[in-house]
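# Structural overview for review
Listed here are the chains, written in short residue letters.
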Amino acid sequence: MKKHQSSFIAMASKLKMVFMLLFSSLTISPVSGYKGAQHPLDPLSPKELTLVQTIVKKSYSNNRISFQYVGLDEPEKPIVFSWLSKPSTKTLPRRALVFTRVNEQTHEIIVDLSKRIIVHDEVYKGPGYPLLTSDEQIDAIQLPLTYGPFIESAKKRDLNVSYVVCSTFTVGWFGRVERTKRVIKVQCFYNKDTVNLYLRPIEGIQIVVDLDKMKIVEYSDTFKIAVPKADGTDYRFSKQKPPFGPRINGAAIMQANGPGFEIEGHTIRWVNWVFHLAFDVRVGPIISLASIYDPKKHTYRSMLYRGHISELFVPYMDPTEEYYYKTFFDCGEFGFGQNAASLVPLADCPNNAVFMDGYYAAHDGSTVKVSNAFCIFERHAGDIMWRHTELGIPNRVITETRPEVSLVVRMVATIGNYDHIIDWEFKPSGSIKTQVGLSGVLEVKSTTFTNVDQINEEVYGTLLGDNTIGLNHDHFLTYRLDLDIDGVSNSFVKKNLVTKHVNDKVSPRKSYWTVVSETAKTELEAKIRLGMTPSDLVIVNPNKKTKPGNHHGYRLIPGTATHPLLLEDDYPQIRGAFSNYNVWVTPYNKSEIWAGGKYVDQSQGQDTLAVWTLRDRKIENEDIVLWHVIGYHHSPCQEDFPVMPTLSAGFELRPTNFFESNPVLKVLPPKPVRWSNCTTKP
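Residues numbered from 1 in each chain as written. Predicted model: local features only at pLDDT ≥ 70, side-chain atom pairs only at ≥ 80, totals over all residues. Heavy atoms only, no water.

## Let's talk about the overall build of the protein chain
- Across its full length, the protein chain holds 9 helices and 32 strands.
- In terms of principal-axis extent, the alpha carbons of the protein chain reach across some 85 × 65 × 65 Å.
- For the protein chain, buried positions account for 51% of its 682 residues.
- Once local pairs closer than 6 in sequence are excluded, the contacts in the protein chain between residues at least 24 apart make up 69%.
- For the protein chain, the exposed surface amounts to about 31,200 Å²; the carbon and sulfur share of it is 53%. (Helix = DSSP H or I, 4+ residues; strand = E, 2+ residues; numbered from the N terminus. Buried < 20%, exposed > 50% of the residue type's maximum accessible area, 1.4 Å probe, protein only. Contact = heavy atoms within 4.5 Å. Areas by Shrake-Rupley, 256 points an atom, 1.4 Å probe, with all protein chains shown as cover.)

This is the structure in structure tokens:
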């Protein structure tokens, strides 16, 4: 057996080396290096985060201050392009965008790191509050454990407080015009005999915490219902009992010469791609300056200036007093980057992955390190890049095929009960595929029911087990995609597929379809609910054409179209109005980054993508941004219990008349493998 294993390893090693050579001739760097200068789109370094803390605290030395968001104040595009054209040892001036709370007021601050001064400081007085910090949430969830009324409530339910764990939930907005306090709700769970605390909610208790004063300001205990049992809820392998499922075979990817990509700072070069990867406390991974090498033009060509998830809207469908407020905005309220999980080698990422750390500012401005925040790896999934078998030539069979290889950038954000697996996948053909996988634990509520036949009222979900209802809910992810197709001046074209009737008597056919192109001139013309009309959606450069005369472009290939089912005047949907359409196009605006607005917690929908587009700005032959909303309606099922198998959705950005022909036609095929050293031949 061992002899066969060693033979297989040797064979696999040879195959892997062949795969590594597949695209080696196309690995050409557009820039030889930055000669020691810092890239203008690099995330703030630990040193810079510390400098921000020092400058801001010095300015408010006698005040109570917290750092709710600290990130790069992105330079204007022309400045970035100018630097990239002639990178030198000189770093561009670096600035930080900072949202703070000072004496219960929100300040929006810009810090010039080069000059070490604050150049802008404005008090925000409108609706909404900035990102919650992890530290203040940790402080808030400790409050019930020493709060007399809660301890009495636990005793009344025969619960040991030492097994109680609490979690924070934003309160939303439900029509109040006057400004409210910066509060959150705290719900508690019982984790005795299981670590799967979210499946054991303690019902009937309402706790409201004032975050600025860090104290409980509202408390009620209105009813009592048994906590669901712990049996069968623990997902740890060490706690499982027979019978077990099938054993999964592992697979190792061997790369004798190391990874097939290069990382220089935050710039990644692989095969025919070069792009920049940054970490942000609010949105997580940011892909910038993605360019692909064109072997016929002998140059790198731009396609994506900046891309990232902008917001995740998660409204739950239980309108009762205990649950109606659960309508979350995970990026703007909790932060994907702030909740980035440290990726586990060989489990979250394959053995050929390379890891990168992330950094963000804590509540007090100090630097927090997220080890293994990203992993980057080549994916060899056994897919086919392209192939054809020709059987039409007499007495000949011709087969040509090329194996697919792609590069994946991955991050996982764990927001409370849900894990979000965020992938950006780059393909040699020029496509970028994005995917978000959902796993983790469902949001549940306790019930007296143990069988569906007992249910005689609306339960707003699915009975998953004894006394446990999995609540219905949605996930709407909004991507911000600042596409620059061969330059910044682009247009959005809807290529509608239209049925035509055959009216002449020459053809026996009665109908066919054809393409009728429509270029959106303004924002309102570009809003689309997918699934209504068959069409191809293309971002083109109207100033550049292929030899046959087609405009250079990239096409959006959506996944399943999902539309909101809430009424548009329902308060959560007013705040999440950016999910009303699957596609939006706006002119580039440096300040329009977050689809839910800058200050999402308790916002009133006053600063969203839906509001921005009401200006109906010009988008034809302009620097434009594509916004794409993907979603799931999640009606839970028993297979989601006690932990959910990953459910994925995504989309593809695919070149459309961008190249003169198939850009991977001439990739080097694998060399024949000699099996003489193997004891077993295939």
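Next, the rest of the story.
## Let's talk about the state of the cysteines
- Overall, the coordinates contain 2 disulfides when judged by the stated rule.
- Covalently, C166 is tied to C188 through a disulfide, its sulfur atoms 2.1 Å apart. In this structure, the disulfide formed by C166 and C188 twists by about 90 degrees around the S-S bond and is classed as right-handed. Pair noted here: C166 is in strand β5 (residues 164–170) and C188 is in strand β6 (residues 183–190), with a separation of 22 residues, a long-range link. (Disulfide = S-S within 2.5 Å.)

## Section: the environment of D234
- Mapping D234 onto the fold places it in the loop between β8 (215–221) and β9 (261–264).
- Residues D234 and G596 lie 362 residues apart in sequence; the distance between their C-alpha atoms is 35 Å.
- The contacts of D234, once residues within four sequence positions are left out, are D193, T194, V195, K239 and Q240.

## Here's the deal with the pairing of strand β4 (residues 117–124)
- Note that strand β3 (residues 105–112) and β4 share 7 bridges and pair antiparallel. Note on β4: the bridge partner recorded for E108 is E122. (Pairing = 2+ DSSP bridges.)

## Here's the deal with the nonpolar core
- Membership of the largest hydrophobic core comes to 96 residues, with the highest contact counts inside it found for W424, F426 and F492.
- Residues in contact with F492, not counting those within four places in the same chain, are E518, T519, A520, A526, I528, L537, V538, I539, V583, V585, I624 and L626.
- Among the nonpolar cores identified, the runner-up in size contains 20 residues, and A140, I184, I205 and L211 belong to it. (Core = buried A, V, L, I, M, F, W, Y, C linked by side-chain atoms within 4.5 Å.)

## With respect to a nonpolar patch on the surface
- A grouping of V195, Y235 and V643 is seen on the molecular surface, where their side chains present a nonpolar patch of about 220 Å² in accessible area.
- Of note, V643 is situated in the loop between β31 (624–634) and β32 (644–655). (Patch = residues over 30% accessible without salt bridge, like charges linked within 9 Å, V, L, I, M, F, W, Y side chains within 5 Å. Salt bridge = Lys/Arg side-chain N within 4 Å of Asp/Glu carboxyl O.)

## Concerning unusual backbone geometry
- For the bond running from P242 to P243, omega is 5 degrees, close enough to zero to count as cis.
- Checked against the element boundaries, P243 lands in the loop between β8 and β9.
- For the peptide bond that leads from F641 to P642, omega is 5 degrees, which places it in the cis range.
- In this structure, P642 sits in the loop between β31 and β32.
- One non-glycine residue, L289, adopts positive backbone phi at about 55 degrees.
- Checked against the element boundaries, L289 lands in strand β12 (residues 284–294).
- A positive phi is found at N621, a non-glycine position, where the angle reads about 55 degrees.

## Quick word on the sheet that holds strand β24 (residues 468–471)
- Pairing within the open sheet is antiparallel, and its 3 strands lie in the order β22-β24-β23. Looking at which strands have only one partner, the edges of the open sheet turn out to be β22 (444–446) and β23 (461–465). Strand-to-strand twist of the sheet, defined as the mean angle between neighbouring strand axes without regard to direction, takes the value 35 degrees.
- Bridge count for β23 against β24 is 4 bridges, and the pairing is antiparallel. Bridging across to β24, G465 finds its partner in T468. (Axes fitted to C-alpha atoms, helices over the stretch in contact; angles between N-to-C directions.)

## With respect to helix α2 (residues 46–59)
- Between its first and last C-alpha, α2 extends 20 Å over 14 residues, near the 20 Å set by a 1.5 Å rise per residue.
- Within the sequence span of α2, burial applies to E48, L49, L51, V52, Q53, I55 and V56.
- Buried-residue contacts for α2 involve β1 (65–72), β2 (95–102), β3, β4, β15 (354–361) and β16 (367–379). (Expected span 1.5 Å × (residues − 1).)

## Points about the UniProt feature "modified residue: 2',4',5'-topaquinone" (unreviewed entry) in the protein chain
- In this structure's numbering, the residues bearing the UniProt feature "modified residue: 2',4',5'-topaquinone" (unreviewed entry) are Y418.
- Structurally, the position occupied by Y418 is in strand β20 (residues 418–426).
- Ignoring any residue separated from it by four or fewer positions in sequence, one finds Y418 in contact with Y316, A413, L438, S439, V441, L442, H473, H475, H634 and M644. (UniProt positions renumbered as here; feature names shortened; annotations may be inferred.)

## Regarding the domain arrangement of the protein chain
- Along its sequence, the protein chain is organised into domain 1 (46–123), domain 2 (134–234) and domain 3 (262–656).
- Measuring from the centre of the C-alpha atoms in domain 1 to the corresponding centre in domain 3 gives 29 Å.
- Of the residues lining the interface, 23 residues belong to domain 1; the matching set on domain 3 comes to 24 residues.
- When the two sides are added together, the surface that domain 1 and domain 3 hide from each other amounts to roughly 2,000 Å², 57% of it contributed by carbon and sulfur. (Domains from an automatic or database assignment. Buried area = accessible area lost by both parts, 1.4 Å probe.)

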